[in-house]
Amino acid sequence: QVSQNLPGKEGSSEVPLLRVGWSVDFSHSQLGEDEFSYGFDGRGLKVENGKFEEFGESFGENDVIGCFADFEGEELVELSFSKNGQELGTAFQVPKGALGERALLPHVLCKGCAVELNFGQRPEPLAPVPEGFVFIHEIPAPERVRTPPGPKSTEECEVLLMVGLPGSGKTQWAQKHSQENRDKRYNILGTERVLHQLRVSGAGNPGTPGNVGSLGMVGSLGMVGSWDGISLLHQLRCNVYNSGQRRKLSAFKGFCRKVVVIVPPEPEWEQRLQQRRQSEGDDVPESVMLEMKANYSIPEKNEYVDEVLFGELGRDEAAPLVLRWKEEARKQLPPSEKRGNRRNNRNKRNRQNRNRGQGYVGGQRRGYDSRVYGGQQQPQYWGQPGNRGGYRNFYERYRGYDDRFYGRDYDYNRYRDYYRQYNRE
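Residues numbered from 1 in each chain as written. Predicted model: local features only at pLDDT ≥ 70, side-chain atom pairs only at ≥ 80, totals over all residues. Heavy atoms only, no water.

The name given to the protein in an unreviewed UniProt entry is HNRL2 protein, with the source organism recorded as Loxia leucoptera.

In structure tokens:
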């Protein structure tokens, strides 16, 4: 049952998302978007292996959706749904031969809504159940299949950070490693995967970006973690910068953090890069490639890296090649003097503004902090960050002491020009 639609952020156009259905072990979390994953979408669509078709009717808040699997057929498993007790018919027919020994598991995908699930633990069903079906809770335990439990702590989780130049083979290595170690349940966090999951797909709509606000997360993908298992990361920026490696892995403190460096032989890398240009039509600008080479850093084991692995060339072969790339790229890049001048000028302006606000004139501190009023040394009002509001704020704050400091006839406008030079105003 859809208990309620959760309130969204102010100005957001996102709508709640809910899919219910069945999948097998090792299926992706996006219900219906890979093989042996079958979902009924709240927009009145059914989805299987990424293909959407119209089915039934839409549903939303306070609706009760029933998911039924009929195994009594000789060759097919029929999956059907109901809405508020009304049967919507069969949505999928799965050949038992293709399903094999895989067990169908209940699967719910939701966003922006709260749901209540009933596997038979409630004394009464939320809606009428068709004749001949029983709840999962009523099936004897020996006849059920339980998936492996998730990690009990973050120490049991593993995160791999892929490092390599564009076209070096990071994606292929990650996908192959994930398939060879399915028991670890890796989640590949890459740009393509994120963009795919940000798209709203449907019948006749292969996928359009959900909204501009959601797409903003791609640029700030410091790293998105997998909180239900082990993560395998593959990032857009290739992670060749040492600062990027440190920033991304620091977000996974407590995990077993590993770095996988992919450095193929140079002729092989150039061939892969050419194949990438032909297949994807995406060419990395020369200036960007030079920047990456010039800043390529092979990580060492440290406080945020537990282990460094090499996917192709080992460290002894990869390190000299990366060093040569760095030296050649730095010779071809323009000098960075202008960049340094901009930074120095910015720092100089910041120092000037800071000093102006604290009462510096000509390199000497002048103002209230060096004056003696009433025969006593006064606090450094203008030298403290909280009192830079100007002469007016100072007078309003301490106006009760005007008799002590200035006499009864004191008027702050009289000293306006005098105090202005010590403040940002």
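Let us keep going from here.
Colleague: Help me understand the pattern of salt bridges, please; the structure alone is not making it clear to me.
Modeller: Close approach of charged atoms allows side chains of opposite charge to pair. Taken as a whole, this structure holds 16 salt bridges when the rule is applied. Between Arg19 and Asp41 there is a salt bridge whose closest N-O contact spans 2.8 Å. Within this pair, whereas Arg19 is found in strand E2 (residues 17-23), its partner Asp41 is found in strand E3 (residues 37-41), the two being separated by 22 residues in sequence. Assessed through its relative accessible area of 4%, Arg19 is described here as buried. A salt bridge links Glu158 to Lys258; the shortest N-O distance between them is 3.1 Å. Here Glu158, found in strand E11 (residues 158-163), pairs with Lys258, found in strand E16 (residues 256-261); they are 100 residues apart in sequence, far enough to count as distant. Like Lys258, Glu158 is buried. Taken together, the shared-partner salt bridges in this structure form one network comprising Arg19, Glu33, Asp41 and Arg43. (Salt bridge = Lys/Arg side-chain N within 4 Å of Asp/Glu carboxyl O. Helix = DSSP H or I, 4+ residues; strand = E, 2+ residues; numbered from the N terminus. Buried < 20%, exposed > 50% of the residue type's maximum accessible area, 1.4 Å probe, protein only.)

Colleague: What is the right way to read the nonpolar core from this model?
Modeller: One recurring pattern in soluble globular proteins is that nonpolar side chains are buried together. With 28 residues, the main nonpolar core has Leu165, Leu249, Val259, Val261, Val263, Tyr296 and Trp325 as its most contacted residues. Going through the elements one at a time, E11, E16, helix H6 (266-280), helix H7 (286-294) and helix H8 (315-332) are the ones with two or more residues in this core. The leading source of residues in this core is H8, at four residues. Excluding its chain neighbours within four sequence positions, the residues that come into contact with Val259 are Leu161, Val163, Leu249, Pro299, Val305, Glu307, Val308 and Leu309. (Core = buried A, V, L, I, M, F, W, Y, C linked by side-chain atoms within 4.5 Å. Contact = heavy atoms within 4.5 Å.)

Colleague: Sorry if this is basic, but what is going on with the side chain of Gln245 here?
Modeller: Its place among the elements puts Gln245 in helix H5 (residues 242-250). Apart from residues no more than four positions distant in its own chain, Gln245 is found in contact with Leu161, Val163, Asn239, Val240, Ser297, Pro299 and Tyr304.

Colleague: Explain the sheet that holds strand E6 (residues 65-70) here, please?
Modeller: The three strands lie next to each other as E6-E7-E8, forming an open sheet whose pairing is antiparallel. At either end of the open sheet lies a strand with only one pairing partner, and these are E6 and strand E8 (86-95). Each adjacent strand pair in this sheet contributes to an overall mean axis angle of 20°, direction not counted. Here E6 runs beside strand E7 (residues 76-83); their pairing, made up of six bridges, is antiparallel. Residue pairing for E7: Asp70 is matched across the bridge by Glu78. (Pairing = 2+ DSSP bridges. Axes fitted to C-alpha atoms, helices over the stretch in contact; angles between N-to-C directions.)

Colleague: Even after reading the chapter, I still don't get the packing of aromatic side chains, so can you show me in this structure?
Modeller: Working definition: an aromatic ring pair is given by the centre-to-centre distance plus the angle between the planes. Taken as a whole and assessed by the stated rule, the structure comprises nine aromatic pairs. Taking the centre distance of 5.4 Å and the plane angle of 85° together, the rings of Phe40 and Phe55 count as edge-to-face. Within this pair, whereas Phe40 is found in strand E3, its partner Phe55 is found in the loop between strand E5 (51-54) and E6, the two being separated by 15 residues in sequence. For the pair shown, Phe40 and Phe55 are each scored as buried. Taking 6.5 Å as the distance between ring centres and 80° as the angle between the ring planes, the aromatic pair formed by Phe81 and Phe92 counts as edge-to-face. Within this pair, whereas Phe81 is found in strand E7, its partner Phe92 is found in strand E8, the two being separated by eleven residues in sequence. Given the relative accessible area of 2%, Phe81 is considered buried. On the basis of relative accessible area, Phe92 is assigned to the buried category, the value being 4%. Counting every residue linked through ring pairs, the aromatic cluster contains Tyr38, Phe40, Phe55, Phe59, Phe81 and Phe92. (Phe/Tyr/Trp six-rings, centres within 6.5 Å; stacked < 30°, edge-to-face > 60°.)

Colleague: What is the right way to read helix H2 (residues 170-180) from this model?
Modeller: An α-helical turn contains 3.6 residues, so any two residues separated by three or four positions project in the same direction. The complete set of buried residues in H2 reads Lys170, Ala174, His177 and Ser178. Each buried residue of H2 sits inside an arc of 100° when the element is viewed along its axis, so together they form one side. Turned more than 90 degrees away from the buried face of H2 sit Gln172, Lys176, Gln179 and Glu180, all of them exposed. (Arc of directions from axis to C-beta.)

Colleague: What is the right way to read the packing of H7 against H8 from this model?
Modeller: Helix packing geometry: the angle between the two helix axes and the distance between the axes. Where H7 meets H8, the closest approach of the two axes is 7 Å, and the angle between their N-to-C directions is 130°. Considering the angle they form, H7 stands oblique to H8. Helix-helix and strand crossings are classified by hand; for H7 and H8 the assignment is left-handed. Residue-level inspection shows Glu286, Leu290, Lys293 and Ala294 of H7 in contact with H8, the latter providing Trp325, Lys326, Ala329, Arg330 and Gln332. Considering only residue class, the contact of H7 with H8 consists of four nonpolar, one polar and four charged. (Parallel < 35°, antiparallel > 145°, perpendicular 65-115°, else oblique. Left-handed = near helix turned anticlockwise from the far one by under 90°. Nonpolar A, V, L, I, M, F, W, Y, C, P; charged D, E, K, R; others polar.)

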